[in-house]
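# Close look at the chain arrangement
Residues per chain are reported as follows:
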Amino acid sequence: MCQHQTPCPSAEAIDREAARILAAFPEQGWSLLCNGVIVFEDTGEILPDGTMIAPHRGPARHALAA
């Protein structure tokens, strides 16, 4: 799917979120990456095969300082 030089990571790759954004809909909270992954602002994802990845945010920065 990706036509970039150097190609973006595939949808199966660990770093799939590093792919370039093809279409962004910030008002709806999601973006389509060139590898076919849909990423949501809550860090959830839908892969091209329909697999859903639950949100995976880390702890808040202020919680780490405590």
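Residues numbered from 1 in each chain as written. Predicted model: local features only at pLDDT ≥ 70, side-chain atom pairs only at ≥ 80, totals over all residues. Heavy atoms only, no water.

Along the backbone of the protein there are one helix and five strands. For the protein, the α and β elements follow one another from N to C terminus as β-β-β-β-β-α. Considering the protein as a whole, with its 66 residues, one finds that 26% of them fall into the buried category. Contacts spanning at least 24 positions in sequence make up 19% of the contacts within the protein whose residues lie at least 6 apart. For the protein, the exposed area adds up to about 4,900 Å²; of that, 58% sits on carbon and sulfur atoms. (Helix = DSSP H or I, 4+ residues; strand = E, 2+ residues; numbered from the N terminus. Buried < 20%, exposed > 50% of the residue type's maximum accessible area, 1.4 Å probe, protein only. Contact = heavy atoms within 4.5 Å. Areas by Shrake-Rupley, 256 points an atom, 1.4 Å probe, with all protein chains shown as cover.)

This part covers the sheet that holds strand 1 (residues 21-25). In space, the five strands of this open sheet follow the order 1-2-3-4-5, with antiparallel pairing throughout. Across the chains shown, the open sheet's two edge strands, defined by having one partner strand only, are strand 1 and strand 5 (52-53). As judged from the three bridges shared by strand 2 (residues 30-33) and strand 3 (residues 38-40), these two strands associate in the antiparallel manner. In the strand pairing of strand 3, Leu32 is matched with Ile38. (Pairing = 2+ DSSP bridges.)

Here strand 2 shows a clear split, with Ser31 and Leu33 buried on one side and none of Trp30 and Leu32 buried on the other. Pairing geometry for strand 1 and strand 2, over four bridges, is antiparallel. The partner of Ala24 across the bridge, within strand 2, is Ser31. Taken together, strand 1 and the strand that follows it, strand 2, pair antiparallel across an intervening segment of four residues, in which Gly29 is found at a positive phi of about 85 degrees.

Moving on, we get to the nonpolar core. The biggest cluster of nonpolar side chains holds eight residues, and these are Cys8, Ala11, Ala19, Leu33, Cys34, Val37, Val39 and Leu47. Those residues in contact with Val39, other than ones at most four positions away along the chain, are Glu17, Gly29, Trp30, Ser31, Leu33, Gly44 and Glu45. (Core = buried A, V, L, I, M, F, W, Y, C linked by side-chain atoms within 4.5 Å.)

Glancing now at the packing of aromatic side chains. Applying the stated criterion to the full structure yields one aromatic pair. With a centroid separation of 4.5 Å and 25 degrees between ring planes, the pair formed by Phe25 and Trp30 is classed as stacked. According to the relative accessible area criterion, Trp30 is partly exposed, its value standing at 24%. (Phe/Tyr/Trp six-rings, centres within 6.5 Å; stacked < 30°, edge-to-face > 60°.)

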